[in-house]
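Results of the structural survey
As a plain string of letters, each chain reads:
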Amino acid sequence: MDKLVIAGREFTSRLMVGTGKFSSNAAMVAAMEGSATEIVTVALRRVDIDNPGDSMLAHIDRSRYLLLPNTSGARDAEEAVRLARLARAAGCEPWVKLEVTPDPYYLLPDPIETLKAAEILVKDGFVVLPYINADPVLAKRLQEAGTATVMPLGSPIGTNKGVRTRDSIAIIIEQAIIPVVVDAGLGAPSHAAEAMEMGADAVLVNTALAVADEPGRMGAAFRKGVEAGREAFLAGLGAPSERAEASSPLTGFLHE
Amino acid sequence: MDKLVIAGREFTSRLMVGTGKFSSNAAMVAAMEGSATEIVTVALRRVDIDNPGDSMLAHIDRSRYLLLPNTSGARDAEEAVRLARLARAAGCEPWVKLEVTPDPYYLLPDPIETLKAAEILVKDGFVVLPYINADPVLAKRLQEAGTATVMPLGSPIGTNKGVRTRDSIAIIIEQAIIPVVVDAGLGAPSHAAEAMEMGADAVLVNTALAVADEPGRMGAAFRKGVEAGREAFLAGLGAPSERAEASSPLTGFLHE
Amino acid sequence: MDKLVIAGREFTSRLMVGTGKFSSNAAMVAAMEGSATEIVTVALRRVDIDNPGDSMLAHIDRSRYLLLPNTSGARDAEEAVRLARLARAAGCEPWVKLEVTPDPYYLLPDPIETLKAAEILVKDGFVVLPYINADPVLAKRLQEAGTATVMPLGSPIGTNKGVRTRDSIAIIIEQAIIPVVVDAGLGAPSHAAEAMEMGADAVLVNTALAVADEPGRMGAAFRKGVEAGREAFLAGLGAPSERAEASSPLTGFLHE
Amino acid sequence: MDKLVIAGREFTSRLMVGTGKFSSNAAMVAAMEGSATEIVTVALRRVDIDNPGDSMLAHIDRSRYLLLPNTSGARDAEEAVRLARLARAAGCEPWVKLEVTPDPYYLLPDPIETLKAAEILVKDGFVVLPYINADPVLAKRLQEAGTATVMPLGSPIGTNKGVRTRDSIAIIIEQAIIPVVVDAGLGAPSHAAEAMEMGADAVLVNTALAVADEPGRMGAAFRKGVEAGREAFLAGLGAPSERAEASSPLTGFLHE
Amino acid sequence: MTITLNGKPREIADGMTVAGLLQELRIEQKQVVVERNAAILPKQRYAEETLAEGDILEIVHFVGGG
Amino acid sequence: MTITLNGKPREIADGMTVAGLLQELRIEQKQVVVERNAAILPKQRYAEETLAEGDILEIVHFVGGG
Amino acid sequence: MTITLNGKPREIADGMTVAGLLQELRIEQKQVVVERNAAILPKQRYAEETLAEGDILEIVHFVGGG
Amino acid sequence: MTITLNGKPREIADGMTVAGLLQELRIEQKQVVVERNAAILPKQRYAEETLAEGDILEIVHFVGGG
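What counts, and where the lines are drawn
- Residues numbered from 1 in each chain as written.
- Chains lettered and ligands numbered in written order.
- Predicted model: local features only at pLDDT ≥ 70, side-chain atom pairs only at ≥ 80, totals over all residues.
- Heavy atoms only, no water.
- Helix = DSSP H or I, 4+ residues; strand = E, 2+ residues; numbered from the N terminus.
- Rg over C-alpha atoms; globule rule 2.2 N^0.38 Å.
- Contact = heavy atoms within 4.5 Å.
- Areas by Shrake-Rupley, 256 points an atom, 1.4 Å probe, with all protein chains shown as cover.
- Least-squares fit on C-alpha atoms with pLDDT ≥ 70 in both.
- Pairing = 2+ DSSP bridges.
- Expected span 1.5 Å × (residues − 1).
- Buried < 20%, exposed > 50% of the residue type's maximum accessible area, 1.4 Å probe, protein only.
- Polar contact = N/O pair within 3.5 Å; in protein donor to acceptor, adjacent residues only side chain to side chain.
- Core = buried A, V, L, I, M, F, W, Y, C linked by side-chain atoms within 4.5 Å.
- Salt bridge = Lys/Arg side-chain N within 4 Å of Asp/Glu carboxyl O.
- Buried area = accessible area lost by both parts, 1.4 Å probe.
- Nonpolar A, V, L, I, M, F, W, Y, C, P; charged D, E, K, R; others polar.

Looking only at helices and strands, one finds one helix and five strands in chain E. Listed N to C, the secondary structure of chain E is β-β-α-β-β-β in terms of helices and strands. A globule of 66 residues ought to have a C-alpha radius of gyration of about 11 Å, and chain E, at 12 Å, matches this closely. The dimensions of chain E, computed from C-alpha atoms along their principal axes, are 40 × 25 × 20 Å. The contacts in chain E between residues at least 6 apart in sequence include a share of 51% that link residues at least 24 apart. Of the roughly 3,200 Å² that chain E leaves accessible, carbon and sulfur atoms contribute 52%.

Pasting the structure below:
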């Protein structure tokens, strides 16, 4: 399949995987391997002083997966910038999945603070992948601000509702010159395939893999779904029509 | 992946392909190969006496594909039975995709005549795969009449609208002990994946492949979509929820 | 608004109301009055010998409402015909809402038995209003058999899912010369309005009224919804479009 | 029905009407009267010097309708503020429908510039009704900035697609303490009813009325749709369910 | 004498008429329909119709339904 | 002699067999099925089956279909 | 003397007031708002406000809008 | 001597370095990032950086996230 290019870097896989909520590190690794992803997101949190435990990083093959730190937990631009810089200091490449979610309940992104943080981080040399509501005008402004992608949500995080923002995402794709990565709410391979068929450049999935009975197998299912959607987009899909049309010939009947 | 079994016969592929409306035999063969299908449907028509031409059968490797004749053009049970018997006399195995569509415009199936024909053909030793509206009670009656599968439509033939009959198909799948094959209206791999995720045993696609810019590539896309949906069904999908749920931890924030 | 005509009889209201599942006769009457309905459905059941109680008929003003007995409980044509005749013997006019639902779980109608019963009852002089799956071919056959209406379901009874069978109902309306009454699954006035906007001649509602906190008020809400949908259908609705279009002028800007 | 209160002012109608795109002033007035609206939006444009013509205001009874000037055409906060002040200078009360739409094609609002303009106009004493994408976080920030309502779009302006942003609007309604007015894309009374059933406080309609064959009649249809939705919301709607539930009793059958 | 009434066996007095039975059961004639051995019974026959051993009687009425 | 072939009248020589007709029409036997007067004709009978005045013949084959 | 009126250059007589210009253009004062050099002009000033070379004048009014 | 460590007060020995503290806490240097008084601390400084009364220290690491 054709390559995905973000900030000049090539990827064979168009499926990004989140590492949250897995029942075990083994389940997480199984999902990563099954999905054939090349980009995995991680979060930054305080070490539990009384029980440092071991690091989940020990389970991630850095030669195989690009670590994409997110700024989850940031409630405004300042907190997001702080987290991005801490992640870079931790030895990650300067890539960041920018999340600014003041609302603790639905975890929806703040358009104002997200743009503000993006402008600061771009100037600071980061490759910025902002998580946003499916807002075509905001997507355009972020692109103008120099972000590497936009990551509009399909539906609220963790709902498995699929691409409920179809109309807006179609406009974002139409207007974008940077890759569009559909993030959040993709609960099944058909959802991922739908996003790709629309012309999205990639998708990010986490909850659907973490809650699956067999995360490794679900990872493989999403890999195929993403590839199916991309192939179909490239192969040229027919448009839906109101009028039914026979697939068998309408002449040569015995009763003619 | 697990095998599909119809009338005691095992198939590795869960994607059936129709051979109508292709721009050329080459395009048809490309779609068949790309899709990795094992069952292809064909129609019976009068030979054009003034210009017999060559047979499309010459292009189909019978050792690789099971020929499934349909009864397209039949307006009632009698015509359908006549076509099924002609197909068998042509040297096909006694398998038939039963279609009875009195309405020439939307080509929707007649539940009464379809059941009548199914009863006759089953007695006559045919393996009957009836094309029906997504009607759970009719599906049950056909199963009781001894059909090998039921083939409910996702949306009217050739519309590419996808699984518009979702609720009814879910009930059909829940009640069926024979394979459920979703037929008609599947216009994209995401539609095929959705049907498989619901627990359908297989799907049939024709128009979407025939009208694609690259039929071979679209065949491959559908193959992956079907596999993705089946894998996801087996791997155990999470249910959609109204409440958003974070994929990153909700503790250990710097601002605590 | 224009009149609804069924079997030569004129009605001002296009909203039929079911009388099942109400918390009290008072709630039922409130819903009937609020809805301004002129046709109410009732069911036939055995009298509880040990506790005959009083009849719900005592609460229904027969001069104001046409009683439409249904054949609920019938599992085949024979039982349906028996119930219709008992209802007529009870002094009702020979109108019947024909329901044949062998499946006790989803209560979906049987197309074969419904057509069989309809043919018998029409010959027997009944005005037959059959409850059916949204099957355009079946609807056409019932019309040919002489039924007074067809009553396709919007979604399974009691689910409040609305018009999930939109595509099929649109075809039924297009092909029908008898009134099309959308029945079952209409859970909100917007659902009823949608059906009427599509060109349905009437709708039947029961569960949505019976489970409302205020049945009388909900009856009024559905009355308005049905009138809104009918008015809009007659006033000529614009078609949906992909392209946005300004409602304010695109010239005369200060910045030109 | 209960009153709508915006900025301390009471309204009986919950339907706002736009005055654009009508074929004639007579059609516009007919729609206004049929709809029983109390708030009508207008735009500001340069006078055509060579052909001043007469003013459309001459056709609007100011004692009956509150004039709500919009800032259509504004591409940024500065232009929006300028238009709002010109409208006020024209003798309107200091109410403004704030629109900032840099994109001339889909006319979608800019979240950043809209918030900026809202903050300036609120300080300047305006009653601000901002038109926004269905973005819950932005809606919350505007509420905190002191706007009188939020007006999230149902679907892109003029598309008649209805409430495509259902999930987000539900969250906006849940979080808002100011009235939520669903604006743009409502093409049929069923769409307006759906928004009201969700708990929206009002809706704004223009295109659907302007393009109707009979604008006056369509106005009445929308009035009823809005009332139906509001009544249903107040009467307490039942939730959709997967499981069918009989509306007739499941006991007392003759076949027991 | 035993008949089957609405699906259950029931003892009734010899020579009991349908009208008599309804009265005994405190069921108003005008509110019900009676089926005797699968044949609908016209109301005007209730008084003269005498029940016999083994009769199958159905007494039905209208209830709320959708 | 006139027969009806695939819905249209056609002149054929007396004594013409089905096999002969197929040959005349340049239609390969193995690619088609033949129905004579609504009865399917087994391939092995093509050679001996002589056509008669007024016969109704259907010659069908497979085409692409969904 | 030349001013810019609604985006286009326009010749006007020296000493022309806003009120005079509106009259010349047959535009009713009460139907419009006038902006002179980006500042909104109160109606009561129309009569005394004399236009100057290079003035930028905007005359706007309400039209149908959504 | 008291500092604030990950949001909680903590007693540490005078002259304690960041490296020393990490060792005491059994936290591997390479797995964490340390912020002292809102400024990120380069790893090579851990050994020489001596903590002072009232210091605010944040020790963070990567966890699973979406």
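Next up on the list: the relation of the copies chain B and chain A. The transform that puts chain B on chain A rotates by 180 degrees and translates by 0.0 Å along the axis, for an RMSD of 0.0 Å. On the angle and the small slide along the axis, the relation comes out as a two-fold axis. Residue Ser190 of chain B of chain B places its C-alpha closer to the rotation axis than any other residue of that unit, at 2.2 Å. The residues that chain B uses at the interface reappear at the interface of chain A in 100% of cases, marking a shared surface.

Our focus in this paragraph is the sheet that holds strand β7 (residues 127-132) of chain C. Residue and element names in this part refer to chain C. Strand order in this open sheet of three strands is β6-β7-β8, and the pairing throughout is parallel. On the outer flanks of this sheet lie β6 (95-98) and β8 (151-152), each paired with one strand and no other. In this sheet, β8 lies alongside β7 in parallel orientation, the contact comprising two bridges. Across the sheet, Tyr131 pairs through a bridge with Met151, a residue of β8.

In an α-helix, one full turn covers 3.6 residues, which means residues spaced three or four apart are oriented alike. Residue and element names in this part refer to chain A. Between its first and last C-alpha atoms helix α8 (residues 215-235) spans 30 Å; for 21 residues at 1.5 Å apiece the expected length is 30 Å, and the two agree. For α8, a buried count of 16 out of 21 residues is recorded, marking the element as mostly surrounded by other parts of the structure. Backbone geometry just downstream of α8 places Gly236 in the positive-phi region, at approximately 85 degrees.

Below, the discussion takes up the environment of Arg14 of chain A. Residues and elements named next belong to chain A. You can see Arg14 is positioned in the loop between β2 (9-11) and β3 (15-18). Between the C-alpha atoms of Arg14 and Arg46, which are 32 residues apart in sequence, the distance is 31 Å. Leaving out residues up to four positions away in the same chain, Arg14 has contacts with Met1, Asp2, Lys3, Leu4, Met196, Asp201, Ala202, Val203, Val226 and Arg230. Among the polar contacts made by the side chain of Arg14, one reaches the main-chain carbonyl oxygen of Lys3 at a distance of 2.8 Å. For Arg14, the side chain forms a polar contact with the main-chain oxygen of Asp201, separated by 2.6 Å.

A separate point is the nonpolar core. Nonpolar side chains in soluble globular proteins tend to end up buried together. Counting 141 residues, the largest nonpolar core has Ile60 and Val203 of chain B together with Ile60 and Val203 of chain C as its most contacted members. Once you skip the residues sitting within four places of it in the chain, Ile60 of chain B turns out to touch Met28, Met32, Val40, Val42, Tyr65 and Leu67 of chain B. Val150 and Ile169 of chain A together with Met198 and Phe222 of chain D belong to the second largest nonpolar core, which has 140 residues in total.

One pass over the full model with this rule turns up 106 salt bridges over all chains. When the shortest N-O distance is used, the salt bridge between Asp2 of chain C and Arg230 of chain C registers 2.5 Å. One end of the pair, Asp2 of chain C, is in the segment before β1 (4-6); the other, Arg230 of chain C, is in helix α8 (residues 215-235), and 228 residues separate them in sequence. The class of Arg230 of chain C is buried, set by a relative accessible area of 7%. Between Glu49 of chain F and Arg36 of chain F there is a salt bridge whose closest N-O contact spans 2.7 Å.

Turning our attention to the interface of chain B and chain A. Taken together, the contact pairs 67 residues of chain B with 67 residues of chain A. Here chain B meets chain A over a buried area of about 5,800 Å², counting both sides, of which 55% is carbon and sulfur. Contact with chain A buries area across many residues of chain B, yet Arg46, Ser247 and Leu254 of chain B alone supply 11% of it, more than any other trio. Where chain B packs against chain A, one counts four salt bridges. The tally of links between chain B and chain A comes to 28 residue pairs in polar contact (both at pLDDT 80 or more). In the side of chain B that touches chain A, the residues fall into 28 nonpolar, 20 polar and 19 charged.

With that settled, consider the relation of the copies chain C and chain B. For the match of chain C to chain B, the screw axis carries a shift of 0.0 Å, the RMSD comes to 0.0 Å, and the turn is 180 degrees. Same-surface contact between copies: 100% of interface residues of chain C are shared with the interface of chain B.

The next thing to look at is the interface of chain C and chain B. Every contact between the two is made by 25 residues of chain C and, on the other side, 25 residues of chain B. Counting each side, the surface lost to burial between chain C and chain B is near 2,200 Å², with a carbon and sulfur contribution of 56%. On the surface where chain C and chain B come into contact, there are eight salt bridges. Between Asp167 of chain C and Lys161 of chain B there is a salt bridge, with its nearest N and O atoms 3.1 Å apart. Connecting chain C to chain B are 10 residue pairs in polar contact (both at pLDDT 80 or more).

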